[in-house]
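# Observations on the three-dimensional arrangement
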Amino acid sequence: MYYKYMDPKNMKFLIPSIVLLILSGLGIFFIFKINNSTETAITITTPTLTPTSIPTQIPTITITPVATATATITPTATPSTKTKTKITPTSIPTKIPTITVIPTPTIISSILNFKNTNDSFSVNYSSNRKLYQDTESSGNRYTFYSPTGNFAVHVAKSGTWSWTNPDRNFNSDLVVSGQNTYHYDISTQTIVDLQSSTKNYTIQCVHNGKEALKTECEEFINSFQLL
């Protein structure tokens with residue numbers, strides 16, 4: 001076999017190349033080893049988050065007042081000459097209130113006329129009174145009401161009366177509507193009876209001894225007319 005020897009000049013370059021290759025290979029080996037060991041050593045730890053407790057009480061905010069600087073005012077020198085000002089008060093007019101007197105309304109009564117053709121009579125009465133019509137055992141009754149005292153006209157058929165009196169005697173001492181009457185008068189009331197051809201009438205005034213009502217009663221009786 002034939003072996004070819006290398007030139008000694010080339011041999012001096014071969015050895016350093018081989019050494020360079022070996023060092024390169026060792027360098028690459030250590031680089032990979034260091035990377036692997038670093039990746040193994042690094043451990044990523046995920047931190048556990050623990051929520052902090054939320055305070056239920058609202059914290060009190062304390063405000064500390066800042067000290068206020070007090071300014072000292074030094075009065076200026078007062079001039080020696082004082083000027084006197086004369087103040088003349090003005091007169092204040094006194095307003096006198098006007099007092100308006102409201103008079104109490106006076107109720108003016110008027111005279112009304114009541115006429116009833118069925119019972120054939122008419123009579124005048126004050127508008128202050130209220131008229132009520134009803135019946136009683138002897139016939140019809142017409143009441144002219146007032147809280148101070150009632151006036152009334154009782155109408156009965158001939159032969160009967162609205163009230164009983166054995167001493168009923170008619171005379172001309174008091175004539176009403178051209179008829180003689182029986183007049184019965186006591187301290188609290190006045191009663192006047194009169195007759196027509198078909199009916200008996202009793203005019204009654206409860207005046208309770210009051211002069212004003214007595215006067216009104218006389219006018220009431222005198223206005224009575226047969227129809």
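That block above? That's the structure.
### Digging into the sheet that holds strand β5 (residues 151-157)
Here seven strands make up an open sheet; going across it, the order is β3-β4-β5-β9-β8-β7-β6 and the pairing antiparallel. This sheet does not close on itself; its edge strands, each paired only once, are β3 (130-136) and β6 (171-176). Neighbouring strand axes in the sheet, compared pairwise and without regard to direction, differ in orientation by 25° on average. In this structure, β3 lies alongside strand β4 (residues 139-145), joined through seven bridges in antiparallel fashion. The partner of tyrosine 132 across the bridge, within β4, is threonine 143.

### Structural notes on the packing of aromatic side chains
Summed over all chains, the structure comprises 14 aromatic pairs. Relative to tyrosine 142, the ring of phenylalanine 114 has its centre 5.5 Å away and its plane inclined at 50°; by these criteria the two rings are tilted. Of this pair, phenylalanine 114 sits in strand β1 (residues 111-116) while tyrosine 142 sits in strand β4, and the two are 28 residues apart along the sequence. Neither phenylalanine 114 nor tyrosine 142 differs from the other in exposure class; each is buried. Through pairs of rings, three or more aromatic residues link up here, namely Phe114, Phe121, Tyr125, Tyr142, Phe144, Phe151, Tyr201, Phe220 and Phe224. In this structure, arginine 129 is placed above the aromatic ring of phenylalanine 151, and the distance from its NZ or CZ to the ring centre is 3.8 Å. The positively charged end of arginine 168 is found above the aromatic ring belonging to tryptophan 163, 5.2 Å away from the centroid.

### With respect to the pattern of salt bridges
Oppositely charged side chains may form a pair once their charged atoms are brought near each other. Here the structure, examined in full by the defined rule, presents six salt bridges. Between lysine 199 and aspartate 119 there is a salt bridge; the shortest N-O distance is 3.9 Å. Taken as a pair, lysine 199 in strand β9 (residues 199-206) and aspartate 119 in the loop between β1 and β2 (121-126) lie far apart in primary sequence, 80 residues in all. For lysine 199, a relative accessible area of 19% puts it in the buried group.

How each quantity is defined
- Residues numbered from 1 in each chain as written.
- Predicted model: local features only at pLDDT ≥ 70, side-chain atom pairs only at ≥ 80, totals over all residues.
- Heavy atoms only, no water.
- Pairing = 2+ DSSP bridges.
- Helix = DSSP H or I, 4+ residues; strand = E, 2+ residues; numbered from the N terminus.
- Axes fitted to C-alpha atoms, helices over the stretch in contact; angles between N-to-C directions.
- Phe/Tyr/Trp six-rings, centres within 6.5 Å; stacked < 30°, edge-to-face > 60°.
- Buried < 20%, exposed > 50% of the residue type's maximum accessible area, 1.4 Å probe, protein only.
- Lys NZ or Arg CZ within 6 Å of the ring centre and 35° of its normal.
- Salt bridge = Lys/Arg side-chain N within 4 Å of Asp/Glu carboxyl O.

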